[in-house]
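Observations on chain architecture
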Amino acid sequence: MTTLIDGKAVAKQVNQATQAEVAKLVEQGVQPGIVVIIVGADPASQIYVRNKNRKAEKLGMHSIVRELPVSTTQAELLSIIAEYNADPSIHGILVQSPLPKQINEPLVTMAIDPKKDVDGFHPTNVGKLVTNFPGNYPVANTPRGIMTMLAAYDIDPAGKTAVVIGRSTIVGKPMAALLTNANATVTIAHSRTADLKAVARTADILVVATGIAHLISGADIKPGATVIDVGMDRDENGKLVGDVDFDSAQGIAGAITPVPGGVGPMTIATLMQTTVELAKWSDLGE
Ligand SMILES: Nc1nc2c(c(=O)[nH]1)N[C@@H](CN(C=O)c1ccc(C(=O)N[C@@H](CCC(=O)O)C(=O)O)cc1)CN2
Ligand SMILES: [Mg+2]
């Protein structure tokens, strides 16, 4: 029997808690605010940005979408970020990725005030995560949402062997840090890993974030393992699929996230949760 990890249902619970928290803050005179900056007109990014804006408004937050032309220069983008760094009504600044070629993404990440870094990508915040620094700071929303999902299903990483396939700043590296901080024994694997599938088979918790449709199949999964599929890929018919072949994993995995309806909804719900926390930490000193 394979348990389906229902990200949509967990996201709904997180969103309900966030909505209640927003209402409480508003009573105290603080309305959490987020700005999402999008450069260019990538259709998928436009949909994600619209979804974030709708969700933020639905939960009672102040939400701005700042749409910039594809020709925006590095200097223009940095000066817009500086504007929101100085705006007390904005607690979270998110620059939607991917960005056009003329923009230096790491410099953009560095320009965001770490206290408003709602993505958790600023090196100051990444450094705190990796050093398991005490206190409050934002953590990348996709891996943090995955930790929330694991907890919701009583899956404790402590003492388990975890394999994270993918080493991105958005998912793989912060995921490995969170699992390490939760006392798992963690391996980061990637495109250059020798015998990747044999490494995958050692995992009690397998997180796959490669962007390669159906890279992992049932034969690569240790029986009973928890499988978290971060992929959002298109198959040959244009259908949205994950990095894991869900059908062949069924019956082998102990628990698995579907695509869609797994990690994706948790990313947005966690982003909203982080925005509220940033507002609390900055305006109420909590
Ligand atoms: N600055 C950032 N840029 C990007 C991030 C990010 O976290 N920060 N992540 C991705 C895109 N993304 C959010 O921005 C995102 C994409 C998709 C989903 C989602 O809920 N997916 C659904 C399926 C949607 C569909 O049917 O197409 C699901 O998995 O159920 C959430 C967040 C890149 N850029
Ligand atoms: Mg994401």
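Quick caveat: nothing in here was measured; it's all calculated off a predicted structure.

Analysis parameters
Residues numbered from 1 in each chain as written. Chains lettered and ligands numbered in written order. Predicted model: local features only at pLDDT ≥ 70, side-chain atom pairs only at ≥ 80, totals over all residues. Heavy atoms only, no water. Helix = DSSP H or I, 4+ residues; strand = E, 2+ residues; numbered from the N terminus. Polar contact = N/O pair within 3.5 Å; in protein donor to acceptor, adjacent residues only side chain to side chain. Contact = heavy atoms within 4.5 Å. Pairing = 2+ DSSP bridges. UniProt positions renumbered as here; feature names shortened; annotations may be inferred. Buried < 20%, exposed > 50% of the residue type's maximum accessible area, 1.4 Å probe, protein only.

Another point: the side chain of Asp 233. In this structure, Asp 233 sits in strand S9 (residues 233-234). A distance of 3.4 Å separates a polar side-chain atom of Asp 233 from the backbone nitrogen of Asp 243. Contacts of Asp 233, omitting those with residues within four sequence positions, involve Gly 211, Ile 212, Ala 213, Lys 239, Leu 240, Val 241, Gly 242 and Asp 243.

The next point concerns the sheet that holds strand S11 (residues 255-256). Taking strand neighbours across the sheet as the criterion, the 6 strands line up as S1-S11-S8-S7-S5-S6 in an open arrangement whose pairing is parallel. Looking at the sheet topology across the chains shown, the edges are occupied by strand S1 (3-4) and strand S6 (185-189). One ladder, built from 4 bridges, connects strand S5 (residues 161-165) with strand S7 (residues 205-208); its direction is parallel. By the bridge assignment, Ile 165 is partnered in S7 with Val 208.

Attention now moves to the UniProt feature "domain: Tetrahydrofolate dehydrogenase/cyclohydrolase catalytic" (unreviewed entry) in the protein chain. UniProt tags residues 5-119 as "domain: Tetrahydrofolate dehydrogenase/cyclohydrolase catalytic" (unreviewed entry). The span residues 5-119 is 49% helix and 16% strand, and its two end C-alpha atoms sit 24 Å from each other.

Another point: the environment of Ile 268. With respect to the helices, strands and loops of the structure, Ile 268 is situated in helix H10 (residues 263-283). The buried category is assigned to Ile 268, whose relative accessible area is 18%. Sequence separation of Ile 268 and Thr 73 is 195 residues, and the distance between their C-alpha atoms is 28 Å. Residues within four places of Ile 268 in sequence aside, it is in contact with Asn 51, Lys 52 and Lys 55.

When you line up the elements, Gln 13 lands in helix H1 (residues 7-27). Exposure remark for Gln 13: the relative accessible area of 54% places this residue in the exposed category. For the pair Gln 13 and Leu 206, spaced 193 residues apart in sequence, the C-alpha separation works out to 24 Å.

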